[in-house]
Amino acid sequence: MRTYHGIALAACMALALLAVNSHPVSAQPAPDIKSVMLSVDVIWVLLAAVLVFFMQAGFAMVETGFTRAKNAANIMMKNITDFAVGSLAYWAVGFAIMFGTGTLYFGASNFFLMDANPATSEGMWTYAFWMFQVVFAATSATIVSGAMAERTKFSTYVLYSLVMSAFIYPIVGHWAWGGGWLSVMDTPFIDFAGSTVVHSVGGWAALAGAIVLGPRIGKFTNGRIKAIKGHSLTLATLGLFILWFGWFGFNAGSTLSGNTLSIAVIAVNTNLAAAAGAVMAMMVSWKKFGKPDIGMTINGALGGLVAITAGCANVSPASSVAIGIIGGILVVFAVEFIEKRLKVDDPVGAVSVHGVCGAWGTLAVGLFAQEAFGGVNGMLFGGGAAQLAAQATGVVSVFAWAFASAFVMFRVLDRIVGIRVSREEELKGLDIVEHQSEAYADFPISASTN
Amino acid sequence: MRTYHGIALAACMALALLAVNSHPVSAQPAPDIKSVMLSVDVIWVLLAAVLVFFMQAGFAMVETGFTRAKNAANIMMKNITDFAVGSLAYWAVGFAIMFGTGTLYFGASNFFLMDANPATSEGMWTYAFWMFQVVFAATSATIVSGAMAERTKFSTYVLYSLVMSAFIYPIVGHWAWGGGWLSVMDTPFIDFAGSTVVHSVGGWAALAGAIVLGPRIGKFTNGRIKAIKGHSLTLATLGLFILWFGWFGFNAGSTLSGNTLSIAVIAVNTNLAAAAGAVMAMMVSWKKFGKPDIGMTINGALGGLVAITAGCANVSPASSVAIGIIGGILVVFAVEFIEKRLKVDDPVGAVSVHGVCGAWGTLAVGLFAQEAFGGVNGMLFGGGAAQLAAQATGVVSVFAWAFASAFVMFRVLDRIVGIRVSREEELKGLDIVEHQSEAYADFPISASTN
Amino acid sequence: MRTYHGIALAACMALALLAVNSHPVSAQPAPDIKSVMLSVDVIWVLLAAVLVFFMQAGFAMVETGFTRAKNAANIMMKNITDFAVGSLAYWAVGFAIMFGTGTLYFGASNFFLMDANPATSEGMWTYAFWMFQVVFAATSATIVSGAMAERTKFSTYVLYSLVMSAFIYPIVGHWAWGGGWLSVMDTPFIDFAGSTVVHSVGGWAALAGAIVLGPRIGKFTNGRIKAIKGHSLTLATLGLFILWFGWFGFNAGSTLSGNTLSIAVIAVNTNLAAAAGAVMAMMVSWKKFGKPDIGMTINGALGGLVAITAGCANVSPASSVAIGIIGGILVVFAVEFIEKRLKVDDPVGAVSVHGVCGAWGTLAVGLFAQEAFGGVNGMLFGGGAAQLAAQATGVVSVFAWAFASAFVMFRVLDRIVGIRVSREEELKGLDIVEHQSEAYADFPISASTN
């Protein structure tokens with residue numbers, strides 16, 4: 001037996017002997033059209049998964065860019081670890097709960113992918129499907145690290161990411177995508193790529209975490225709110241571009257098929273909503289603060305992306321612009337509301353971007369859906385209120401589950417292992433105290449930020 | 001109705017029931033070979049578009065890396081905004097002008113993508129095609145921000161990006177790719193992926209902008225030229241790698257079909273020209289300045305990429321190396337010429353890389369084209385001078401249009417809203433004065449650069 | 001003749017006239033199923049190659065992040081240059097030696113790709129195949145730059161990268177993938193995507209280079225070992241994510257066919273081994289050093305990726321986790337062993353990650369291979385010791401060749417041009433002395449790191 005490389009090469013070099021129908025590929029399935037279509041689907045799903053994987057880098061860059069240099073290595077560690085721990089947890093448990101056969105509330109089969117038979121096309125499809133799903137689970141988990149940045153104990157964060165990837169996220173996933181109760185209502189809940197299932201779950205868990213943790217030292221003092229500046233707006237912007245890039249895989253990959261031409265309009269919708277969100281957040285911040293704010297613009301683009309995620313396969317490009325516009329406006333006001341009214345310290349705006357815009361985008365399906373795009377009409381296009389009601393059901397029930405379960409989990413973790421570093425540790429910075437490290441060893445850090 | 005996710009899961013879990021011909025994908029088109037080929041084309045074009053989208057991050061990193069820390073957030077904002085504004089403008093107007101039915105000089109139909117019918121394959125193809133075109137438009141627009149860096153008013157830049165994406169770029173695009181006069185000459189102009197249509201348009205508009213703006217304070221003093229150093233050569237290098245990565249989509253995606261095997265040689269040509277450009281610029285800078293210069297090496301690679309863009313489907317790998325070598329040499333001398341002779345301050349070398357190498361690469365098609373690759377022979381391979389003349393016609397006419405229209409636009413914008421920040425603002429840095437922000441709030445900035 | 005863009009547009013605009021079977025793509029091959037399968041293969045291989053190309057950015061970021069600011073531009077230059085020089089060398093010579101017809105020890109045909117005929121499918125396949133192989137060659141070459149960082153003369157490094165890409169790497173490649181002796185043993189050596197062929201070759205050459213060079217000034221003083229800190233753990237982490245992202249192309253692309261469904265399990269295995277490696281290295285470092293170490297965690301993820309590369313198509317997901325776990329543990333101990341016992345200064349841990357984990361992963365195929373996945377059983381799954389012996393043969397012989405040839409090369413280069421900068425130059429930093437540049441001109445660098 002020779003490796004595929006060897007075979008390819010031998011064939012490759014024997015050019016004169018080759019005809020098209022014997023091109024250098026071994027283990028070719030029989031050339032029937034359904035096999036090719038399956039290959040096209042597997043390729044599409046895997047490449048989309050790879051794009052979504054890369055969003056981990058985007059989240060890491062946005063989160064570290066928006067926070068302080070003394071905690072940058074800690075945030076990197078959290079982002080690496082939650083993907084690593086999350087991948088193993090989702091392999092062992094999460095996927096089984098989300099997509100296993102079971103009840104209307106959770107599944108319970110195919111733990112450790114043990115039911116996938118590599119000798120069959122179905123087995124291989126299951127692997128491809130798992131690959132796409134694990135990066136979704138990781139997206140939901142990593143959203144939380146931003147809202148809890150700069151004060152959370154690392155060991156506790158590792159435990160959180162385990163619970164999130166194994167239980168909290170997969171249960172919602174089962175409800176909406178795993179044959180659970182949201183998917184079998186008379187008017188089923190529509191969340192095509194996960195405004196609610198992925199982003200709001202992350203956003204609401206982030207809210208719970210930020211509340212249990214309390215604000216960073218110095219954030220709220222004597223009724224005044226201090227803007228704690230991020231340490232690298234270039235990395236934050238890089239992160240936005242990486243996320244936008246990966247989001248094409250997130251949304252268009254959610255067809256789970258490369259043979260579905262709607263991937264084209266999904267990509268267009270994704271792009272237009274992001275653009276509209278960025279422009280609106282920039283304009284609103286300009287009006288409100290006197291200057292176009294870069295943090296708000298980044299979050300506006302992300303808000304537009306989160307908002308279009310639910311309905312990207314159901315609405316027109318023009319509606320996507322509308323959904324993005326409202327997402328971009330919402331972000332600015334939600335950030336202010338959460339900080340000023342709720343007095344919750346969310347260093348990167350994760351609750352506003354993922355929670356609030358996720359809810360908005362999910363509801364928007366009930367308004368903007370058009371039969372020509374996804375088979376369903378929303379209220380603005382002649383449909384009744386039933387879809388909007390279904391969407392609201394999903395939004396509210398997922399909020400209840402995600403917020404409550406995360407809140408309980410963080411409280412329990414706080415009791416058992418403690419959730420927050422000490423005052424001295426926080427002042428010193430988590431890089432040193434948690435990792436004996438400095439993110440930027442060669443550069444002096446401004447005293448004012450310590 | 002259940003979401004595709006739900007259907008996939010149900011199917012996925014019912015492994016025993018599945019056969020290959022019922023793999024878990026809903027809304028499958030009828031399995032005929034032409035449908036599969038269309039799917040392959042749509043996938044290819046979308047993935048290529050996603051790669052080209054990511055070039056926005058590459059441009060942002062190169063531009064910010066080559067300029068000063070005090071203006072880094074402003075450059076990020078310009079890069080985010082020109083893509084966001086540009087996407088909306090190209091959706092509303094630009095695409096219609098570029099590809100709409102109309103005259104030999106501009107098109108005028110399908111504004112807001114309103115003619116695309118999502119119920120048809122043609123409609124979906126139009127969406128995919130738009131997605132590919134919008135990222136090209138954005139590439140052209142973003143080139144300008146580098147040459148105008150560190151002194152341009154943000155509000156004016158937003159207006160510029162609107163005009164560029166809606167009018168200046170689409171008109172050239174119509175001439176060459178939209179059925180316009182360059183494409184119907186007796187010997188039609190060949191610019192496969194846009195050395196002229198995309199890069200030179202950006203480069204010449206950048207030249208116009210840099211001239212209207214004038215040089216940065218301190219650049220030219222008493223006949224001496226000051227080298228104003230960039231603040232992050234690591235980010236600039238990251239930007240180069242991102243651009244090179246995305247360029248595979250830019251060039252190979254321009255087949256607009258995944259069923260065209262020439263995508264293979266296009267990728268090879270793209271890579272070899274970039275490599276040759278980098279090596280040559282490194283060697284020339286070594287010879288000229290005594291040391292291999294990293295800025296020149298980066299621009300040499302980019303020059304090679306820009307130069308091969310026009311002819312990547314028409315020339316051999318060996319010719320690609322030659323085209324890249326000349327591109328790499330040209331960049332070094334063009335940067336010097338523009339700075340020392342024209343006394344134009346182009347902080348990142350955008351005019352040299354995109355304008356000059358774009359023109360070179362376009363002319364090179366008339367020299368190096370080979371019938372075996374793209375059906376046409378250039379002068380070096382037995383063709384006559386007609387193709388070279390056609391190429392020159394395109395180069396000159398596009399220069400005239402792009403430079404003149406951009407020059408007028410910048411002059412008008414200067415009159416109405418002002419194009420340049422004040423002296424005090426420029427010295428202080430655009431991050432603070434334009435965005436109340438600091439890109440690197442935790443780090444002290446060296447006084448010498450203020 | 002009009003460009004493809006022009007044709008596409010014309011068709012695109014004439015929506016009413018189009019039917020599916022005339023969608024806007026020119027030069028369509030005849031619609032037979034084998035042609036479509038070939039297109040799918042070419043697309044898959046090219047996109048995988050593009051992902052692997054991007055690993056160059058990942059290596060650059062990890063290497064610069066783990067080393068000092070004063071040498072950051074130099075590392076960038078080495079990474080750009082080794083890819084550029086390597087691409088040209090592999091085009092001219094390396095590919096011919098690796099895949100040319102020849103002896104069991106090296107090939108010798110198709111120099112400069114001169115035998116590829118663009119008019120045939122085979123020719124186009126050869127281009128696609130070359131594109132995939134050149135990025136592998138470049139991966140092997142760039143591994144070395146990390147171990148030799150912060151003290152190697154730039155000119156010498158350029159010569160090294162030429163020899164590596166043209167000779168040292170291709171010869172091993174010929175043995176294993178080019179029809180050479182390792183691929184025709186009674187029990188052929190299995191290294192599916194290159195744990196040994198690519199990574200160990202790079203790792204052992206890195207070891208030779210680090211030995212010939214000697215340690216950085218101050219690394220080993222009076223029996224004490226100084227931890228020289230990296231300057232950007234954010235960029236290092238970004239680099240990890242980029243590498244992980246690209247590795248999906250590295251491993252799954254090595255099927256050389258998109259029509260092979262095993263790409264799905266390969267992607268899953270790749271991800272799980274990386275996750276397991278990261279988690280284990282984090283835990284081991286936590287136990288050993290009292291804190292979870294970010295450098296070790298990054299290298300643990302990379303160790304898992306390197307280790308699974310050989311067997312990714314031959315083992316189960318559960319075995320991938322086991323292989324990754326051992327890889328993650330090995331990295332931590334190997335880094336310590338090489339530093340403390342061998343007294344070799346490898347600034348980024350390249351020898352441990354690529355050499356040691358590459359060897360481990362290659363041997364692991366002889367233990368964990370399962371017939372259901374790749375047709376062969378390892379010792380743990382009922383196979384005999386023959387496969388393990390074949391693997392050991394490959395590991396040992398490749399070590400012997402790569403280490404010895406690189407050692408001789410570096411010695412010769414040291415004699416002729418000198419391999420190391422002077423003491424003064426090293427203290428000053430290579431950016432200034434080698435490139436008249438500063439990576440971070442706007443930021444003061446802490447005195448302690450000079």
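Here, the structure is the one placed above.
Residues numbered from 1 in each chain as written. Chains lettered and ligands numbered in written order. Predicted model: local features only at pLDDT ≥ 70, side-chain atom pairs only at ≥ 80, totals over all residues. Heavy atoms only, no water.

> Which residues make up the overall build of chain A, and what values do they have?
Secondary structure assignment for chain A yields 15 helices and two strands. A compact globule built from 450 residues should have a C-alpha radius of gyration of about 22 Å, and chain A, at 23 Å, falls within 12% of that. The C-alpha extent of chain A, read off along each of the three principal axes, is 80 × 55 × 45 Å. Buried residues in chain A amount to 71% of all 450 residues. Residue pairs in contact within chain A that sit at least 24 positions apart in sequence constitute 77% of those at least 6 positions apart. As displayed, chain A has an accessible area near 12,000 Å², and 65% of this comes from carbon and sulfur atoms. (Helix = DSSP H or I, 4+ residues; strand = E, 2+ residues; numbered from the N terminus. Rg over C-alpha atoms; globule rule 2.2 N^0.38 Å. Buried < 20%, exposed > 50% of the residue type's maximum accessible area, 1.4 Å probe, protein only. Contact = heavy atoms within 4.5 Å. Areas by Shrake-Rupley, 256 points an atom, 1.4 Å probe, with all protein chains shown as cover.)

> With reference to specific residues and values, describe helix 2 (residues 33–65) of chain C.
All names here are of chain C. The terminal C-alpha atoms of helix 2 lie 48 Å apart, and with 33 residues this matches the ideal 48 Å at 1.5 Å per residue to within 8%. Within helix 2, 32 of the 33 residues are buried, which leaves it mostly tucked inside the rest of the structure. For helix 2, the N-terminal capping position is held by Asp32, with its side-chain oxygen 3.2 Å away from the main-chain nitrogen of Lys34. (Expected span 1.5 Å × (residues − 1). Polar contact = N/O pair within 3.5 Å; in protein donor to acceptor, adjacent residues only side chain to side chain.)

> Just give me the short version of the interface of chain B and chain C, but keep the residues and values in it.
Taken together, the contacts link 95 residues of chain B with 83 residues of chain C. Summing both sides of the interface, chain B and chain C together bury roughly 7,400 Å²; the carbon and sulfur share of this comes to 77%. Per-residue buried area on chain B facing chain C is highest for Thr234(B), Phe241(B) and Leu261(B); these three make up 10% of the total on that side. Taken together, the connections running from chain B to chain C amount to one salt bridge. Among the salt bridges present, the one from Lys229(B) reaches Glu438(C), with a minimum N-O distance of 3.0 Å. Per element, the largest residue contribution to the side of chain B that touches chain C is 14 residues, and it comes from helix 8 (residues 263–289) of chain B. Taken together, the residues of the side of chain B that touches chain C break down into 59 nonpolar, 26 polar and ten charged. (Buried area = accessible area lost by both parts, 1.4 Å probe. Salt bridge = Lys/Arg side-chain N within 4 Å of Asp/Glu carboxyl O. Nonpolar A, V, L, I, M, F, W, Y, C, P; charged D, E, K, R; others polar.)

> Lay out a nonpolar patch on the surface with the relevant residues and their values.
Residues and elements named next belong to chain A. Among the surface-exposed residues, Leu159, Leu162, Val408, Val412, Ile416 and Val417 lie close enough to one another that they form a single nonpolar patch of about 490 Å² accessible area. Contributing elements (two or more residues each) for the nonpolar patch: helix 5 (154–177) and helix 13 (386–416). At three residues, the largest contribution of residues to the nonpolar patch is made by helix 13. For Ile416, the location among the structural elements is in helix 13. (Patch = residues over 30% accessible without salt bridge, like charges linked within 9 Å, V, L, I, M, F, W, Y side chains within 5 Å.)

> Account for the nonpolar core, with residues named and values stated.
Ranked by size, the top nonpolar core spans 497 residues in total, and within it Phe410(A), Phe410(B) and Phe410(C) carry the most contacts. Once residues within four sequence positions are removed from consideration, Phe410(B) is found in contact with Val144(B), Met148(B), Tyr160(B), Ala205(B), Ala208(B), Gly209(B), Val212(B) and Ile419(B). (Core = buried A, V, L, I, M, F, W, Y, C linked by side-chain atoms within 4.5 Å.)

> If you had to explain the interface of chain A and chain C to someone new, which residues and values would you point to?
Taken together, the contacts link 83 residues of chain A with 94 residues of chain C. Carbon and sulfur atoms supply 77% of the area that chain A and chain C bury against each other, a total of about 7,400 Å² over both sides. Taken together, the connections running from chain A to chain C amount to one salt bridge. For the pair chain A and chain C, the number of links is nine residue pairs in polar contact (both at pLDDT 80 or more). Of the residues in the side of chain A that touches chain C, the class split is 60 nonpolar, 18 polar and five charged.

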